[in-house]
Amino acid sequence: MVLIIFVFWVVFMTSKDHTEFMFHLKNPIILRRWSIFKEFLPSEELQNTPSSVEADMAILEKLNQQIPPRPFLNHSSTTSAKHSTATILNPQRVYCIGDQLDVLLVAKDYFGHRKEYGGDFLRARMSSPALKAGASGKVTDFNNGTYLVSFTLFWEGRVSLSILLMHPSEGVSALWRARNQGYDRIIFTGQFLNGTAHVLTECGLSLNTSGELCQYLDARDHEAFYCLKLRGVPCEALTHMTTKNSDVSYLSLKEKLLFRRFNIGVEVVKNLAITVSPCKNKTESKKRKCQIGMETPFPSGYTLRGRWITSHCEQNEFREIKYINNCLARKLIYLMGDSTLRQWIYYLHQVVKTLKFFDHHGSGLFKTHILLDTERHTLVQWKKHSHPFVTQKLFSMKDDNYIPREIDQVAGDSGTAIVISFGQHFRPFPINIFIRRAINVKKAIERLFLRSPETKVIIKTENIREISENAELFSDFHGSIQNLIIRDVFRDLNVGIIDAWDMTIAYRSENVHPPDSVIESQIGMFLNYIC
């Protein structure tokens, strides 16, 4: 018996499964999802999984270092916008277009004591309302309670500076901890067809039940979704889904006080303004035309007279319909993602009169949308991304697919463009769900480039949204972290970036569905990338 046990132990310790088991044992946030797939993955695919898991963990570890736990004794010890100070460094008599203006922000608590650590979630913006002008400011955290807020002076005239304390560092720490604790803040309800009747059951990314489950697994990409199985109803009979917010919260009562509306987006400094002059003796270097593969700085541009102007490349104007039509001719355009991309297809239909909706059957906002111009051989298609998709409206599961699988079905060529945007629906879930999806999308793009390297791929980052939304579920802090992940994951790919985050701050569009002026600017950048 002792000999048998010894032999078993030697085999176990030298096996790959042992390495994977020990690795995941140290990382419980991944363990539960990983264990789901071990019995379903084919052996040849199982061998490729550790590197993918390690990529997940490398990103997660980097984020954990950036967002360390912060002490939270009471509300008065947290960062106070009113008591914090902001001072212009090296003030000048004359400011010129193109100059950089630096502001030093010193964070203090409600007692007036300087904070000894960083991590506050700040939003900086400069604006000239009369000119319909705006731009983001760049925030550098020195991790000692001080921040450098830098503004590039893009236009002439009177410019107001704004620095908002979105969440104190203690609130950021609480949101990060709470986000990664569970999957049950959103309730999924699946609708199954049982004969001629519809029956409902509980569904989700993870279900805490001993009951029999319908398992919807993508073994290659380690994606999983479940529904509680109904007696006598096949799992394949799933037709529709709807969701709603649950009452589950992982914030303490004390922490919840930090996320009341009056504590979010509080101005740190008031009446801070300067005047910018043209200073014509300054020479501007000639910029290259905007194209895919360019590194996108922050801020990536600004608004002036209501229009978006890039800061790092030369834009072509697509104001006249004939130029838009010429650009779109013989193009196959696939929009994959959430409803902020669906706005594109509505806008194009409104502006380009030759693009007509094709009835793709289905119903509701979340069906596949298709625009056709048969004379110019133009197709524009929007299809929503798969789980997690969060909406109270009923949506179909009959043609549901993850974005990587959709990319795999695109043949690709020089006349094909894919635009991808996801993030808003991921905010209520542990960050590893988003990391895994981003990595899977990257792998699908790499496969696409192997067969059709001339295909154009554009990533649209997610935008800011309403401050009044439930912060634990939908705070822009979650979106800012996801934008960092997107930039990290796709940095080595030859893709274009449309920085919707930067644009919506510049426009001050705090709506999950930005107005047409923002959509027009996004599509303008897209046309520059493909033509």
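As shown above, the structure is provided for reference.
Residues numbered from 1 in each chain as written. Predicted model: local features only at pLDDT ≥ 70, side-chain atom pairs only at ≥ 80, totals over all residues. Heavy atoms only, no water.

## Thoughts on the sheet that holds strand 24 (residues 456-460)
At step 1: Judged by pairing direction, the sheet is mixed, and its seven strands sit side by side in the order 19-20-21-18-23-24-25 without closing on themselves. At either margin of the open sheet sits one strand with a lone partner, and together these are strand 19 (356-358) and strand 25 (496-498). Here the average twist between neighbouring strands, direction ignored, is 20°.
At step 2: When strand 19 meets strand 20 (residues 369-373), the two strands line up antiparallel, connected through three bridges. Residue pairing for strand 20: Phe358 is matched across the bridge by Ile370. (Pairing = 2+ DSSP bridges. Helix = DSSP H or I, 4+ residues; strand = E, 2+ residues; numbered from the N terminus. Axes fitted to C-alpha atoms, helices over the stretch in contact; angles between N-to-C directions.)

## Brief notes about the sheet that holds strand 22 (residues 395-396)
At step 1: Strand order across the open sheet formed by six strands is 11-12-10-9-13-22, with antiparallel pairing between neighbours. Each edge of the open sheet is held by one strand with a lone partner, namely strand 11 (213-218) and strand 22.
At step 2: As paired elements, strand 10 (residues 197-204) and strand 12 (residues 223-228) share two bridges and run antiparallel to each other. When the sheet's bridge partners are listed, Cys203 is paired in strand 12 with Cys227.

## Observations concerning unusual backbone geometry
At step 1: The residue after Phe298, namely Pro299, is reached through a cis peptide bond having omega 0°.
At step 2: Take Pro299: it is sitting in the loop between strand 15 (272-277) and strand 16 (301-304).
At step 3: Here the bond from His387 into Pro388 is cis, since omega is -5°, no more than 30 degrees from zero.
At step 4: Along the polypeptide, Pro388 turns up in the loop between strand 21 (378-384) and strand 22.
At step 5: A positive phi is found at Arg305, a non-glycine position, where the angle reads about 55°.
At step 6: Along the polypeptide, Arg305 turns up in the loop between strand 16 and strand 17 (307-310).

## Re the state of the cysteines
At step 1: If you walk through the whole model with that rule in mind, you get five disulfides.
At step 2: The partner cysteine of Cys96 in its disulfide is Cys279, sulfur to sulfur 2.0 Å. The chirality of the disulfide connecting Cys96 with Cys279 is left-handed, given an S-S dihedral of about -70°. Residue Cys96 is located in strand 2 (residues 95-96), and its partner Cys279 is located in the loop between strand 15 and strand 16; the two are separated by 183 residues in the primary sequence.
At step 3: Classification of Cys96 as buried rests on a relative accessible area of 11%. (Disulfide = S-S within 2.5 Å. Buried < 20%, exposed > 50% of the residue type's maximum accessible area, 1.4 Å probe, protein only.)

## With respect to the side chain of Asn263
At step 1: Among the structural elements, Asn263 can be located in the loop between helix 7 (253-256) and strand 14 (266-267).
At step 2: Classification of Asn263 by relative accessible area gives buried; the value is 11%.
At step 3: At 2.8 Å, the side chain of Asn263 forms a polar contact with the backbone oxygen of Leu257.
At step 4: Excluding its chain neighbours within four sequence positions, the residues that come into contact with Asn263 are His75, Tyr110, Leu165, Met166, Leu257 and Leu258. (Polar contact = N/O pair within 3.5 Å; in protein donor to acceptor, adjacent residues only side chain to side chain. Contact = heavy atoms within 4.5 Å.)

## Details of the side chain of Arg436
At step 1: Relative to the helices and strands, Arg436 is located in helix 11 (residues 431-451).
At step 2: Within the local environment of Arg436, its side chain forms a polar contact with the side chain of His222, the two groups lying 3.0 Å apart.

## Observations regarding the pairing of strand 23 (residues 416-421)
At step 1: Extensive coverage of strand 23 is indicated by the burial of six of its six residues.
At step 2: Side-chain alternation along strand 23 places Thr416, Ile418 and Ile420 on one buried face and Ala417, Val419 and Ser421 on a second face that is also buried.
At step 3: Here strand 23 pairs with strand 24 via four bridges, running parallel. Looking across to strand 24, one finds that Ile420 is bridged to Ile459.

## As for the packing of aromatic side chains
At step 1: Taken as a whole and assessed by the stated rule, the structure comprises 13 aromatic pairs.
At step 2: Between Trp155 and Tyr302, the aromatic rings sit 6.0 Å apart at their centres with planes inclined by 35°, giving tilted as the arrangement. In this pair, Trp155 is assigned in the loop between strand 7 (146-152) and strand 8 (157-167) and Tyr302 in strand 16, connecting sequence segments 147 residues apart. Side by side, Trp155 and Tyr302 carry an identical accessibility label, which is buried.
At step 3: Aromatic rings pair up to connect Phe154, Trp155 and Tyr302 into one cluster.
At step 4: We note Arg342 situated over the ring of Trp382; from NZ or CZ to the ring centre the distance is 5.6 Å. (Phe/Tyr/Trp six-rings, centres within 6.5 Å; stacked < 30°, edge-to-face > 60°. Lys NZ or Arg CZ within 6 Å of the ring centre and 35° of its normal.)

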